[in-house]
Each structure stands twice: as structure tokens, then as C-alpha cells.
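# Structural characterization, general
Here is what each chain is made of, one letter per residue.
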Amino acid sequence: MIEAFGKQMLTAYKIIRDNKTIFFDFGASTIKKTDVQDIDYIFITHEHLDHWEMLLNYPLMKCLNKNTQIYASKTTKDIILEIFNKKEKSYTLEAREYLLSIIQNINVALFNTKYKLTESLSFEFFRSGHTFGSAMIYLISDEEKLLYTGDFDYVKKDSSRQYFVPYGVEVDTLICDGTNVVKREFKGMRIDEIRTYIERHKFVDYQIRPEKAVIYAQYLSEKIDDTIILYTEQLLWYLDIITNNGYNAFINDRVMFETKKIDYKLRYPNKKIIRLTTNKNDYLLDNKLGLHITSSELNKFINENFITKPKRIYLGHYNMNDVIESGYNSREIKLLNEGVNNYE
């Protein structure tokens, strides 16, 4: 049985395998204290809050089984820790120390490395392509081989945004993310619209989430000539983390970190200056790029990535209108609870 939690923040799936209670992600606001008392393992796929925010719920976490083991990639753990550090002033000292201990004790799992949990239960992380450090969870038990994709994506010519599941992996049960599954235009970047806006302005500030800032820096520097792309200081913490974990945030010499001592308008009088920031301003760039797989890519993943098609296929985290539009086949794919993704 797979139990999906909540509607507003549907990013927690509970399963029981080999008498162990396992959560895939931990973001559902409907998780109750009674749900966490017997958890053995929690797997966090990536850093977006709707996939792990309940780790910040002090009353809930006080009820968590003391022996619960939490796993994430190193990039994800580093980002979660930094996000918590930015929020810690909102907690009492007792709550802060308690939650910090839980986050610091998250176990780091490497990609494509098999980890043994019990004599009959093991797991492996595969890259999901959704964001930096995001992971799929491949769980192997005596009962079955299960793959939970979490949020995932595949973008041609961009290896950091491509899922990677080794060909030939056996999967009995497949749980797929279905966010914006039919909206190809949502995933595409509206470069023409952005170019038109930039042509009317020589100095532009764009408000954007950190992981999308890195993706935009690459695309804008490649697609729009005569531009300088600046990361502002609000992005420094994120850039440091992903750089330390092997990702390249500075694609070419036109992408750089903003130094306040430099007057970029004077230094580059013939170029347009684009600043990427998390500060709120008049032009929101964040909603012009999606990080999720489309329906055609999802079908290709299901039908071409495995030697034998999984026996059981589930779709979660979906919008029902999108599912209907995608030509949903109820004989092939079963639906878990409909949910809303708060992070595109």
C-alpha cells in the first residue's frame, strides 16, 4: 500500500516494506503526530520546502521515532541546513537545538551507490534532473523493486537537468511525479518575451529563486548577445553550496558575481546588465521556467527506460485537468491523491 498525504502540499508518501515504515519526502502539512511515531526511514529527494518542510515542525518532530534515519544527497542536506539557519530566529532555543540536531544528522547518500538498510532492504539514489542534487529513490526489498522519481525532468543538452536511471534497472512499482505534466510551454523559457523586455531596458533586475538563477544565467548568456549576467549577494550562499558540490554556476565569462565596488554600467558601456536576485522587485522571472517533466517525456520514461515495463505505475502530485489533457490511460497508470505543487 502507498499512502499519499494531503492536498495542499502533497509531497509525502508512506509505504511499509519488510516491516519498516518508510516516507518518501516529508512535506505534507497533513502529517500527524501519530504518523511519525513508528517511522524507520525518511528519504528527502531535494531542497524545495514542499518536500521536507515538516522537518521544521517542532511539535511534530518531537514525536518522531528517535531511531528514524533520514537520507538525502549532500547538496540537498547542505541547502536544507542553510535554509534552517536562515529561519532559526523564529524558534525558541530548545526547538532550534532540537531541529538543528535532526538536520545535522541527516545521512548523506551518494548517487549510484547501493546502501544496505537491513538484511533484506537496500536503496540507491539516481539523479532526477529537477534541481541541483535532486534524487530519485530506488528501493529494493524482498517484496519488490520500487522507484520513486520525486520531481524529475529531462532537458536535452543540459546534463544537470537530466534524470539518469541506469538502463536495465528492474522496477516492479513506479511512482512518478505529475506536476504540470502536459505543459511543455511551462517548461520552456520565454526567451523572446525576455529579449523584448531587455531590449527596452539596459539595466534589468530579475527576481528569481536561487536554483533557477543558475539555469537562467546559462540560457540568457547564450541566447541574448551583448549581456553581462550578475549574481547578487543574496545568491552567494546557494552558489557556494552547489559549487562546493561540483556544479558549475559560472557558465562563461559573461556570468559573474556582482562586486559592489565595480560600476558595471561604466565598465561595460555597450552591454546590457542583467542582475539576478532574490529580492522582490517589479519583474518576476521565476514563473517563466518550469523544472518538471512533460507528458511526452513521461511516457518515454515509462515505456523506453526499462527492459520490462513496471507492473504497477502511479502518478502523484498532479493536477486532474492536466492528467485528462495528457490522454491519461487508467489501465496503465493509477492516480494517487491529487495535489498542488508549490514550487514549479
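Refer to the structure presented above.
The sections below set out a description of the structure shown in this document. Everything numeric in this text was worked out from a predicted model, so none of it was measured.

Conventions adopted
- Residues numbered from 1 in each chain as written.
- Predicted model: local features only at pLDDT ≥ 70, side-chain atom pairs only at ≥ 80, totals over all residues.
- Heavy atoms only, no water.
- Buried < 20%, exposed > 50% of the residue type's maximum accessible area, 1.4 Å probe, protein only.
- Helix = DSSP H or I, 4+ residues; strand = E, 2+ residues; numbered from the N terminus.
- Arc of directions from axis to C-beta.
- Expected span 1.5 Å × (residues − 1).
- Core = buried A, V, L, I, M, F, W, Y, C linked by side-chain atoms within 4.5 Å.
- Contact = heavy atoms within 4.5 Å.
- Pairing = 2+ DSSP bridges.
- Axes fitted to C-alpha atoms, helices over the stretch in contact; angles between N-to-C directions.
- Phe/Tyr/Trp six-rings, centres within 6.5 Å; stacked < 30°, edge-to-face > 60°.
- Lys NZ or Arg CZ within 6 Å of the ring centre and 35° of its normal.
- Salt bridge = Lys/Arg side-chain N within 4 Å of Asp/Glu carboxyl O.
- Patch = residues over 30% accessible without salt bridge, like charges linked within 9 Å, V, L, I, M, F, W, Y side chains within 5 Å.
- Areas by Shrake-Rupley, 256 points an atom, 1.4 Å probe, with all protein chains shown as cover.
- Lys, Arg positive; Asp, Glu negative; His and termini not counted.
- Charge placed at Lys NZ, Arg CZ, Asp CG, Glu CD.
- Parallel < 35°, antiparallel > 145°, perpendicular 65-115°, else oblique.
- Left-handed = near helix turned anticlockwise from the far one by under 90°.

## Focus on helix α10 (residues 295–304)
- Along α10, the residues that are buried comprise Ser 295, Glu 297, Leu 298, Phe 301 and Ile 302. The buried residues of α10 all sit within an arc of 165° when viewed along its axis, so they share a single face.

## Observations concerning helix α7 (residues 210–223)
- End to end, α7 covers 20 Å across 14 residues, agreeing with the expected 20 Å (1.5 Å per residue, within 8%).
- Counting buried residues in α7 gives 12 out of 14 residues, a clear majority hidden from the surface.
- Within α7, the full set of buried residues consists of Pro 210, Glu 211, Lys 212, Ala 213, Val 214, Ile 215, Tyr 216, Ala 217, Gln 218, Tyr 219, Leu 220 and Ser 221.

## Looking at the nonpolar core
- Within the largest apolar cluster, 64 residues are counted, with the highest numbers of intra-cluster contacts made by Phe 26, Ile 31, Ile 44, Tyr 206, Tyr 231 and Leu 276.
- Broken down by element, the residue count for this core peaks at seven residues, all from α7.
- The contacts of Tyr 206, once residues within four sequence positions are left out, are Ile 194, Tyr 197, Ile 198, Ile 274, Arg 275, Leu 276, Thr 277, Asn 281, Tyr 283 and Leu 285.
- Within the second largest apolar cluster, 23 residues are counted, among which are Leu 147, Tyr 163, Ile 293 and Tyr 318.

## Notes on the sheet that holds strand β17 (residues 334–335)
- Within the open sheet, the seven strands sit side by side as β7-β8-β9-β10-β11-β16-β17. Their pairing is mixed. Of all the strands in the sheet, just β7 (115–118) and β17 have a single pairing partner and so form its edges.
- In this structure, strand β9 (residues 135–140) lies alongside strand β10 (residues 145–148), joined through four bridges in antiparallel fashion. Among the inter-strand pairings, Leu 139 is bridged to a residue of β10, identified as Leu 146.
- Along the sheet, α10 contacts β9, β10, β11 (173–177) and β16 (312–316); its crossing angle with β11, the most-contacted strand, is approximately 165°.

## Topic: the environment of Tyr 268
- Relative to the helices and strands, Tyr 268 resides in the loop between α9 (264–267) and β15 (272–277).
- Considering only alpha carbons, one finds Tyr 268 and Ile 228, 40 residues apart in sequence, at a separation of 8.2 Å.
- When residues no more than four places from it in sequence are discounted, the contact partners of Tyr 268 are Ile 228, Met 256 and Ile 273.

## Here we look at the environment of Tyr 41
- Take Tyr 41: it is sitting in strand β4 (residues 41–43).
- When the C-alpha atoms of Tyr 41 and Ile 70 are compared, they prove to be 5.8 Å apart, with 29 residues separating the residues in sequence.
- In this view, Tyr 41 contacts Lys 20, Thr 21, Ile 22, Phe 23, Thr 68, Gln 69, Tyr 71, Leu 117, Thr 118 and Leu 121; residues no more than four positions away in its chain are not counted.

## Some points on the sheet that holds strand β3 (residues 20–24)
- Here we have six strands laid out as an open sheet, ordered β1-β2-β3-β4-β5-β6, and mixed in their pairing. The sheet terminates laterally at β1 (2–4) and β6 (107–108), the two strands that pair on one side only.
- Summarising the sheet, strand β2 (residues 13–17) and β3 pair through five bridges and their orientation is antiparallel. Within the sheet, the bridge partner assigned to Tyr 13 lies in β3 and is Phe 24.

## Observations regarding the packing of aromatic side chains
- One pass over the structure, following the stated rule, counts 25 aromatic pairs.
- A ring pair is formed by Phe 123 and Phe 125, whose centres lie 5.5 Å apart and whose planes are at 55°; its orientation type is tilted.
- Take Phe 123: its relative accessible area is 0%, and that puts it in the buried class.
- Ring pairing ties together the aromatic residues Tyr 13, Phe 24, Phe 43, Tyr 71, Phe 111, Tyr 115, Phe 123, Phe 125 and Tyr 148, which thus form one cluster.
- The side chain of Arg 127 reaches across the aromatic face of Phe 111, ending 4.1 Å from its centre.

## Regarding the pattern of salt bridges
- Here the structure, examined in full by the defined rule, presents 15 salt bridges.
- Across the pair Arg 209 and Glu 211 runs a salt bridge, and its minimum N-O distance is 2.5 Å. Of the two residues, Arg 209 and Glu 211, both sit in the buried class.
- When salt bridges with common partners are traced through the structure, they connect Arg 17, Glu 144 and Arg 312 into a single cluster.

## Description of a positive patch on the surface
- On the surface, Lys 156, Lys 157, Lys 223 and Lys 300 cluster together into a positively charged patch.
- Mapped onto the elements of the fold, Lys 223 is located in helix α7.

## Re the pairing of β9
- With respect to burial, β9 is a largely interior element, six of its six residues being buried.
- Where strand β8 (residues 121–127) and β9 come together, six bridges link them in antiparallel fashion. Looking at the pairing, Ser 122 lines up with Ile 140 of β9.
- Hairpin connection of β9 to β10: four residues between the antiparallel strands.

## What to know about the side chain of Asp 18
- Secondary-structure assignment places Asp 18 in the loop between β2 and β3.
- Here Asp 18 is buried and forms no salt bridge, its nearest opposite-charge partner Arg 17 lying at an N-O distance of 7.2 Å.
- Excluding residues that lie within four positions of it along the chain, Asp 18 makes contacts with Ser 120, Leu 121, Ser 141, Asp 142 and Glu 143.

## Structural notes on the packing of helix α3 (residues 74–87) against helix α8 (residues 236–244)
- Running from amino to carboxyl end, α3 crosses α8 at an angle of 160°, the nearest separation of the two axes being 9 Å. Classified by the angle between their axes, α3 and α8 sit roughly antiparallel to one another. Crossing angle aside, the handedness with which α3 passes α8 is right-handed. Residues Thr 75, Asp 78, Ile 79, Glu 82, Ile 83 and Lys 86 of α3 lie in contact with α8, whose contacting residues are Trp 237, Tyr 238, Ile 241 and Ile 242.

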